Amino acid sequence: MNRDSIIHHVSIINHDAEQSFNFYRNILGLNLLMKTVNQENYEMYHIFFADKYGRPGTEVTLFEMKEGKDNQFGANAFDRLLFKVPSVESLKYWEQRFDQFDVCHYGIESYTDRSLIRFEGPDATPLGLIVMTEQEDIGHFNRDENSIVPFEHQILALDSVHARVRYPEASKQHFQSMYNWEDYGQTTFFDTDLTVNILHNNNRHMYHEIHFIYDTFNPIEDQGFGGIHHVAISTETGDTLQDIETSLDKLNMIHSPIKNRGFFKSIYYQDPNQLLFEVATLTLNMKAIAFEEKAFQDIPLYLPEHLEEKRSFIEKQLKKGNTYL
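Keep in mind that what you see is a predicted model, and the values were worked out from it rather than measured.

Parameters at a glance
Residues numbered from 1 in each chain as written. Predicted model: local features only at pLDDT ≥ 70, side-chain atom pairs only at ≥ 80, totals over all residues. Heavy atoms only, no water. Buried < 20%, exposed > 50% of the residue type's maximum accessible area, 1.4 Å probe, protein only. Helix = DSSP H or I, 4+ residues; strand = E, 2+ residues; numbered from the N terminus. Pairing = 2+ DSSP bridges. Core = buried A, V, L, I, M, F, W, Y, C linked by side-chain atoms within 4.5 Å. Contact = heavy atoms within 4.5 Å. Salt bridge = Lys/Arg side-chain N within 4 Å of Asp/Glu carboxyl O. Phe/Tyr/Trp six-rings, centres within 6.5 Å; stacked < 30°, edge-to-face > 60°. Axes fitted to C-alpha atoms, helices over the stretch in contact; angles between N-to-C directions.

Caption draft 1: Structural detail: the pairing of strand E7 (residues 114–120). Taken across its seven residues, E7 has five buried, putting it largely inside the fold. Here strand E6 (residues 105–111) runs beside E7; their pairing, made up of five bridges, is antiparallel. Paired with Ser110 across the strands is Ser115, a residue of E7. In this structure, the hairpin formed by E6 and E7 is closed by a connection of two residues, where Thr112 is found at a positive phi of approximately 50 degrees. Looking at chain direction, E7 and strand E8 (residues 126–131) are connected through five bridges and run antiparallel. Opposite Phe119, over in E8, you have Leu127 as the bridge partner. The hairpin turn running from E7 into E8, its antiparallel successor, is five residues long, and Asp123 in that turn takes a positive phi close to 60 degrees.

Listed below in structure tokens is the structure:
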């Protein structure tokens with residue numbers, strides 16, 4: 001059992017890396033951790049945003065796919081990623097900022113007794129900002145005094161992920177057995193009759209939730225631009241990652257081999273509702289990062305050590321679909 005786990009990162013599909021960089025970096029004010037390459041496809045950028053120390057639990061990553069289709073909303077899919085902010089006053093700031101930058105949003109709402117704003121990112125990616133819980137200590141989060149967003153309103157970390165599923169009890173039981181997250185209870189999904197089962201990790205340093213929305217009405221999602229590709233859950237070390245692999249084998253669940261990404265190791269699998277999860281080690285072999293105002297094309301390509309010898313080839317592959325390079 002994988003105790004004390006957090007949401008390590010969430011990965012999203014976008015069709016234009018530069019456009020997405022400008023949104024997450026220059027509107028949301030997130031720190032760029034690295035501009036690297038998708039290690040499965042050298043023609044695709046993979047962009048990481050995080051806090052200034054690159055801590056798991058604060059990371060969102062973007063895959064660039066130049067060819068494809070828009071995401072077709074549906075079930076058995078991740079429905080929305082929510083980021084954590086300090087206060088209701090912060091939501092008021094973001095509401096004005098979204099209006100300033102013409103970002104589609106739905107105003108300040110209440111859900112599970114917490115205030116939030118749902119909004120859309122590039123390619124209509126469903127995102128949100130939600131006020132941190134009363135039990136959390138803002139001193140556990142790393143804010144950046146050099147950010148373009150005021151210190152008191154900055155995004156602090158990931159908060160929660162919503163998923164629409166046909167069989168919520170199956171996903172819930174699997175998640176509890178694998179990661180020991182606690183049952184938070186049930187609610188209804190905003191102004192609908194859809195039942196939501198909520199789990200939380202009860203981690204006082206990096207509190208996270210996952211919401212399983214019972215949806216038998218909508219068709220199965222057809223994933224594309226703007227879709228949430230996968231959610232990564234943390235595990236402590238390479239040894240505990242091997243324990244996860246053993247657990248998946250005992251459950252006869254298909255999974256990838258353990259992959260060495262250079263900055264962490266991970267494994268991928270699909271849960272009973274075909275949600276794609278990654279389990280990734282907590283160690284992220286990166287240096288502290290600083291908020292810098294640079295254009296996307298001026299940021300050097302970061303490659304882990306095992307890919308460095310392929311740099312020339314990888315840079316040529318990336319240029320195929322990116323005329324601004």
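Caption draft 2: Structural detail: the nonpolar core. Tyr24, Leu28, Leu81 and Phe83 are the most contacted members of the largest nonpolar core, which has 64 residues in total. Those residues within four positions of Leu28 in sequence are excluded, and the remaining contacts are Phe23, Phe83, Trp94, Phe98, Phe119, Val149 and Ile155. Of all hydrophobic cores here, the second largest spans nine residues; its members include Leu82, Ile130, Phe189 and Phe190.

Caption draft 3: How the structure looks around the pairing of strand E13 (residues 228–235). Within E13, seven of the eight residues are buried, leaving the element largely enclosed by the surrounding structure. Pairing analysis gives five bridges linking strand E1 (residues 7–14) to E13, with the strands arranged antiparallel. When the sheet's bridge partners are listed, Val10 is paired in E13 with Val231.

Caption draft 4: Local environment of the pattern of salt bridges. One pass over the structure, following the stated rule, counts 17 salt bridges. Between Glu209 and Arg114 there is a salt bridge whose closest N-O contact spans 3.6 Å. Of this pair, Glu209 sits in strand E12 (residues 209–214) while Arg114 is found in strand E7, placing the two residues 95 residues apart along the sequence. On the basis of relative accessibility, which here comes to 2%, the residue Glu209 falls in the buried class. Linked by salt bridges that have partners in common, Lys84, Arg114, Glu136, Asp159 and Glu209 make up one network.

Caption draft 5: Inspection of the packing of aromatic side chains at higher detail. With the rule as written, the count across this model stands at 22 aromatic pairs. Aromatic pair Tyr111 and Phe189: ring centres 6.1 Å apart, planes at 80 degrees, arrangement edge-to-face. You can see Tyr111 sitting in strand E6 and its partner Phe189 sitting in the loop between strand E10 (182–188) and strand E11 (195–200), a full 78 residues away along the chain. Take Tyr111: its relative accessible area is 3%, and that puts it in the buried class. We classify Phe189 as buried; its relative accessible area is 5%. With a centroid separation of 5.0 Å and 90 degrees between ring planes, the pair formed by Phe189 and Phe190 is classed as edge-to-face. Residue Phe190 is classed as buried on the basis of its relative accessible area of 16%. One aromatic cluster is present, formed by Phe21, Phe23, Tyr24, Tyr45, Phe49, Tyr93, Trp94, Phe98, Phe119 and Phe296 through successive ring pairs.

Caption draft 6: Broad picture of the sheet that holds strand E14 (residues 259–260). Taken together, the eight strands give an open sheet; going across it, the order is E2-E3-E4-E1-E13-E16-E15-E14, and neighbouring strands pair in mixed fashion. Strand pairing shows two members of the sheet lacking a second neighbour, strand E2 (31–38) and E14, which therefore form its edges. Relative to strand E4 (residues 59–64), E1 runs parallel, the two being bridged by six bridges. Bridge pairing links Ile12 to Leu62 in E4. Helix-sheet contacts for helix H4 (residues 238–250) involve E13, strand E15 (265–270) and strand E16 (276–281), and the interaxial angle to E15 is about 20 degrees.

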